[in-house]
Amino acid sequence: MDGFEGDEHKSIDFTTNIGCRVHCKFCPQDVSMSKYAMKNELEQIKFSNPVLMSYTMFVKMIKKIPKNVSIRFSNFSEPFLNPECGKMMEFASDNGYKLELFSTLVGMTSADVEILKKINLKKFVIHLADNEKYAKIPLTQHNEILKKIISSSIQNVFFMSMGTISDETKNIIGMDVKPSVMVDWAGHIDVGQKTKRISGPILCSMNPSRKNEDIPPIVLPNGDTVLCCKDWSMEYTLGNLTTCSYQDLFESKTYKDVARKMSSENEDVLCRNCELAVSVDDQNKLQKQYAELKIDLNDEISLKLDKIYLKYLNRKIDPEGLIFFHKQIKNEQIDYETVKKHIMDSPEYTSIPKKSITT
């Protein structure tokens, strides 16, 4: 594990099954199901019979992962469509891992809620049922489990939805939640916001470090580990975590090839069509602009602005926001309360996942 213990930002996702019957309009399930079947020489995967990761295999793999790496139950499928998901989470938590969960609650049981009460969840994002049926979530079962979660001691609960939510759901969570923006998953689907291809050297902003060696990989049910949450076609397999080490994933030829192509002028790679890609040229211009404006990312103003953004938008301040507010704060043209009001009036604030009022 040497060389990986110092980075607290690293994470790895576990896809506990392939063949998600929630079949959201904005998720390329057909792509993941057909590609997984083809790569593993399986018959066509059906929503009624998903491929499941076994608990035994999960335990074998997670023991290879450093404790400072966050374990996220998320990605190509609803985690709780695997009946052993709660058991997996309990094992990971009992063994000292920080956990994050992204769930529609489909497949989750009352017993699973009891497990979630006992573990330390760094973040629990609940994907709510929507009136437009973008996500095929049965409302009755969903809201029954939602009530149990809201009335429990579970911490760090957030909500998101891809459409409008029902009055019943609003009453349960005590707030309205605005729809999130749909994206095209780096070109994997026709719906959603289209991402413009970026030329020149690029960086991945999925990890706060913006290091192309820190892109969070995705573990599939058979242990195959692919590049990231955009790799629905499973084009970039880094290795199999049942047979290789955690470090091997990042030292694989595939991973190094991706990093090299991202550093090139225009070699084709999935990342060029991703909304999370950042132009290195733009980054360099930004650093020059910071210097000209005498903005220090570690000064008192920058750190306070970061803190406000983290509280209200669940992220650090973006460069545009920093440039816009830093000078005005420094020259005493506005105060921090004005910044807060500006954020809370923004479209982003109304559309991001909101924290449960009970936490």
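Small disclaimer: the values here were computed from a predicted structure and weren't measured.

A. Main features of the confidence of the model for the protein chain. Mean pLDDT over the protein chain stands at 90; residues scoring 70 or higher make up 94%. Here residues 1–7 scores under 50 on pLDDT; set against residues more than four positions off or in separate chains, the count is 17 contacts.

B. A look at the packing of aromatic side chains. Under the definition given, this model contains nine aromatic pairs. Both rings, one in F58 and one in F73, keep their centres 5.7 Å apart while their planes meet at 45°; by these two values the pair is tilted. Of this pair, F58 sits in helix 2 (residues 55–62) while F73 sits in strand 4 (residues 70–73), placing them 15 residues apart in sequence. In terms of burial, F58 and F73 fall into one category: buried. An aromatic cluster of at least three residues, connected via ring pairs, comprises F14, F58 and F73.

C. Examining the pairing of strand 7 (residues 157–160) more closely. The two faces of strand 7 match: V157 and F159 on one face and F158 and M160 on the other face are all buried. One ladder, built from four bridges, connects strand 6 (residues 121–127) with strand 7; its direction is parallel. Among the inter-strand pairings, V125 is bridged to a residue of strand 7, identified as F158. At this point the chain moves from strand 6, through helix 5 (residues 139–150), to the parallel strand 7, and the crossover so formed is right-handed.

D. Spotlight on helix 4 (residues 110–118). The set of residues buried in helix 4 consists of D112, V113, I115 and L116. All buried residues of helix 4 fall inside an arc of 155° around its axis, so they share one side. Set apart from the buried face of helix 4 by more than 90 degrees, the exposed residues are A111 and K118. Buried residues belonging to helix 4 abut helix 3 (85–94), strand 5 (99–103), strand 6 and helix 5.

E. Just the pairing of strand 4, in detail. A two-sided burial pattern is seen for strand 4, the buried positions comprising S70 and R72 on one face and I71 and F73 on the other. Where strand 1 (residues 11–14) and strand 4 come together, four bridges link them in parallel fashion. Paired with I12 across the bridge in strand 4 is I71. Where strand 4 lies against strand 5, three bridges are found, and the strand directions are parallel.

F. The side chain of N240, seen in detail. Relative to the helices and strands, N240 is located in strand 11 (residues 237–240). Exposure remark for N240: the relative accessible area of 15% places this residue in the buried category. A distance of 3.0 Å separates the side chain of N240 from the backbone oxygen of N222, its partner in a polar contact. Side-chain polar atoms of N240 contact the side chain of D224, separated by 2.9 Å.

G. Highlighting the side chain of Q283. The topology assignment puts Q283 in helix 9 (residues 280–293). Since its relative accessible area comes to 17%, Q283 is described here as buried. Here Q283 is in contact with L203, R210 and V278, once residues within four sequence places are set aside.

H. Up close: empty space enclosed by the protein. Applying the stated criterion across every chain, the model contains one cavity of 30 Å³ or more. A volume near 90 Å³ is recorded for the largest cavity. Forming the walls of the largest cavity are 13 residues, and the residues nearest its centre are C204, M206, C228, C271 and C274. A class-by-class count of the residues in the lining of the largest cavity yields 12 nonpolar, no polar and one charged.

I. Local environment of unusual backbone geometry. Its identity as a non-glycine residue notwithstanding, E41 has a phi of 55°, on the positive side. If you trace the backbone, E41 turns up in the loop between helix 1 (29–39) and strand 3 (51–52). A positive phi angle is found at M234, which is not glycine, with a value near 55°. Tracing the backbone shows M234 in the loop between strand 10 (224–226) and strand 11. By relative accessible area, M234 is classed as buried at 1%.

J. Representation of the pattern of salt bridges. Enumeration according to the criterion identifies 14 salt bridges in this entry. In this structure, D268 and R197 form a salt bridge, with 3.4 Å as the shortest nitrogen-oxygen distance. Note that D268 is positioned in the loop between helix 8 (253–263) and strand 12 (277–279) and R197 in the loop between helix 6 (167–173) and strand 8 (202–204), a separation of 71 residues in sequence. Between K304 and E300 there is a salt bridge; the shortest N-O distance is 3.4 Å. Residue K304 and its partner E300 are located together in helix 10 (residues 300–313), separated by four residues, close to a single helical turn.

K. Here's a closer look at the state of the cysteines. This model, assessed by the stated rule, comprises zero disulfides. The thiol of C20 is unpaired, and the distance to the nearest cysteine sulfur, on C24, comes to 6.2 Å. C20 gets classed as buried once you look at its relative accessible area, which sits at 6%. The thiol of C229 is unpaired, and the distance to the nearest cysteine sulfur, on C228, comes to 5.3 Å. Assessed through its relative accessible area of 14%, C229 is described here as buried.

What counts as what
- Counting restarts for each chain, with residues numbered from 1 along the sequence as it is written.
- Local features are withheld for residues below a pLDDT of 70 in this predicted model, meaning they are given only at 70 or higher, and side-chain atom pairs are given and counted only at 80 or more; totals for whole chains, interfaces and linings count all residues.
- With hydrogens and water stripped out, all remaining heavy atoms of the structure feed into the side-chain values.
- You can read pLDDT as the predictor saying how much it trusts each residue, on a scale of 0 to 100.
- Any two residues having at least one pair of non-hydrogen atoms within 4.5 Å are treated as being in contact.
- Side-chain rings of Phe, Tyr and Trp, where Trp is taken by its six-membered ring, are said to pair if the distance between their centres is within 6.5 Å; with planes under 30 degrees apart they count as stacked, over 60 as edge-to-face, and otherwise as tilted.
- In this text, helices come from DSSP runs of H or I with a minimum length of four residues, and strands from runs of E with a minimum of two, each type numbered from the N-terminal end.
- Each residue is assigned to one of three classes by its accessible area relative to the maximum for its type, calculated with a 1.4 Å probe on protein chains only: buried under 20%, partly exposed between the two thresholds, exposed over 50%.
- For two strands to pair, DSSP has to find at least two bridges joining them.
- By convention, a crossover is right-handed whenever its connection, traced from the first strand over the helix to the second and viewed with the strands pointing away, goes clockwise.
- An arc is given here, and it is the one of the directions from the helix axis to the C-beta atoms.
- Here a polar contact means two N or O atoms within 3.5 Å. Within protein one must be a hydrogen donor candidate and the other an acceptor candidate, and residues neighboring in sequence count only if both atoms are side-chain atoms.
- Only protein atoms enter the 1 Å grid used here. Points where a 1.4 Å probe fits but cannot escape make up a cavity, open sets with protein on both sides within 12 Å along at least five of seven lines make up a pocket, and a residue lines them when an atom lies within 4 Å of a point.
- Grid points are joined across faces, edges and corners, and a volume is the space filled by probe spheres set on the points.
- For this scheme, ten residues count as nonpolar: Ala, Val, Leu, Ile, Met, Phe, Trp, Tyr, Cys and Pro. Four count as charged, namely Asp, Glu, Lys and Arg, and the remainder, Gly too, count as polar.
- Here a salt bridge means any side-chain nitrogen of Lys or Arg lying within 4 Å of a carboxyl oxygen belonging to Asp or Glu.
- Here, a disulfide means two cysteine sulfur atoms that sit within 2.5 Å of each other.

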